[in-house]
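Listed below are the residues making up each chain.
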Amino acid sequence: MRLFVALEIPSAVRENLAVLIRELRTLAPQAKWVRAENLHVTLKFIGEVPDTKLEAIRKTLSGVHSERPVTLDFRGLGFFPNEKHPRVFWTGIEASANLKALADNLESAAEKFEIPREKRLFSPHLTLARFESPKLTDPFRAAIVENAARDFGSLRTNQFRLIESKLKPTGAEYTTLESFSFATEV
């Protein structure tokens, strides 16, 4: 099974981003756009693991805690690695300091079930689209500039989810296997 740990985003944020995706899709038809129902904030990609490890993963994740919930504000647009060679189009996240600590704790927890640490620094974002060819049209660039300061909403949560991803020709299909509370207050 293919697994990852993520934060669920609120329906209002999801709808605001769905509107943006609908607006931009025609300006970049070559992009592989993420379906709005699949938007989430990945904290740790676990990858392929045998079913026999699932219970150990669940037990380990239940031990990950933070002193307080995380707060995220979704705003801004950008590209990985950059605008000249875009591979990923994203909306940014301004997060409380403890989000990075939570992601670090999940990295440490994953090592217990032999999942290697991520080599890249944790950079919270929501992937909106992926590009095979890194060419952006002028109308698409103009729309990005126009929407650069757009605010999509916020989230305060004390839960993360263990999610299974099944890759299908029509796109990834996600199923939440379990939710975990990492802080007592919301």
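The preceding data block contains the structure.
This text gives an overview of the structure that appears in the document. Owing to the predicted nature of the structure, the values given are computational and were not obtained by experimental measurement. (Residues numbered from 1 in each chain as written. Predicted model: local features only at pLDDT ≥ 70, side-chain atom pairs only at ≥ 80, totals over all residues. Heavy atoms only, no water.)

1. Quick look at the nonpolar core
Move 1: Ranked by internal contacts, the top residues of the largest apolar core, which has 53 residues, are Trp33, Phe74, Phe89, Phe140 and Phe160.
Move 2: Setting aside residues no more than four positions away along its own chain, Trp33 makes contact with Ile21, Leu24, Arg25, Ala28, Phe89, Leu128, Ala129 and Phe140. (Core = buried A, V, L, I, M, F, W, Y, C linked by side-chain atoms within 4.5 Å. Buried < 20%, exposed > 50% of the residue type's maximum accessible area, 1.4 Å probe, protein only. Contact = heavy atoms within 4.5 Å.)

2. Some details on the sheet that holds strand 2 (residues 32–33)
Move 1: Read from one edge of the open sheet, 5 strands run 2-6-5-4-7, paired in antiparallel fashion. Looking at which strands have only one partner, the edges of the open sheet turn out to be strand 2 and strand 7 (151–157).
Move 2: Lying on the sheet, helix 4 (residues 138–146) is in contact with strand 2, strand 4 (70–80) and strand 5 (88–95); it crosses strand 4 at an angle near 150 degrees. (Pairing = 2+ DSSP bridges. Helix = DSSP H or I, 4+ residues; strand = E, 2+ residues; numbered from the N terminus. Axes fitted to C-alpha atoms, helices over the stretch in contact; angles between N-to-C directions.)

3. Considering the packing of aromatic side chains
Each aromatic ring pair is described using two quantities: the centre-to-centre distance and the angle formed by the ring planes.
Move 1: Summed over all chains, the structure comprises 11 aromatic pairs.
Move 2: The interplanar angle of 80 degrees and the centroid separation of 6.0 Å between the aromatic rings of Trp33 and Phe89 together place this pair among those described as edge-to-face. Here the residue Trp33 occupies a position in strand 2, and Phe89 occupies one in strand 5, the gap between them amounting to 56 residues. Per residue, the accessibility class of Trp33 equals that of Phe89, and both read buried.
Move 3: Where Phe79 meets Phe89, the ring centres are 5.3 Å apart and the plane angle is 35 degrees; that geometry is what we call tilted. (Phe/Tyr/Trp six-rings, centres within 6.5 Å; stacked < 30°, edge-to-face > 60°.)

4. Side note on unusual backbone geometry
Move 1: Cis geometry is adopted by the peptide bond preceding Pro81, which originates at Phe80 and carries an omega value of -10 degrees.
Move 2: By the element assignment, Pro81 lies in the loop between strand 4 and strand 5.
Move 3: Here Glu114, not a glycine, exhibits a phi torsion of approximately 65 degrees, which is positive.

5. Focus: helix 3 (residues 98–112)
Move 1: In this model helix 3 runs 21 Å from its N-terminal to its C-terminal C-alpha over 15 residues, within 8% of the 21 Å that 1.5 Å per residue would give.
Move 2: Every buried residue belonging to helix 3 is among Asn98, Leu99, Leu102, Ala103, Leu106, Glu107, Ala109 and Ala110, and all of these are buried.
Move 3: Buried positions along helix 3 lie against strand 1 (2–8), strand 3 (40–48), helix 2 (54–61), strand 4, strand 5 and strand 8 (159–168).
Move 4: Glu114 occupies a position one or two residues after helix 3 and carries a positive phi of about 65 degrees. (Expected span 1.5 Å × (residues − 1).)

6. Digging into the sheet that holds strand 8
Move 1: Strand order across the open sheet formed by 4 strands is 3-1-8-9, with antiparallel pairing between neighbours. Every other strand in the sheet has two partners, leaving strand 3 and strand 9 (171–181) as the edge strands with one partner each. Strand-to-strand, the axes of this sheet are offset by a mean angle of 25 degrees, without reference to chain direction.
Move 2: Alignment of strand 1 against strand 3, held across 7 bridges, turns out to be antiparallel. Of the residues in strand 3, the one forming a bridge with Glu8 is His40.

These results come straight from atomic positions and should not be treated as a statement about function.
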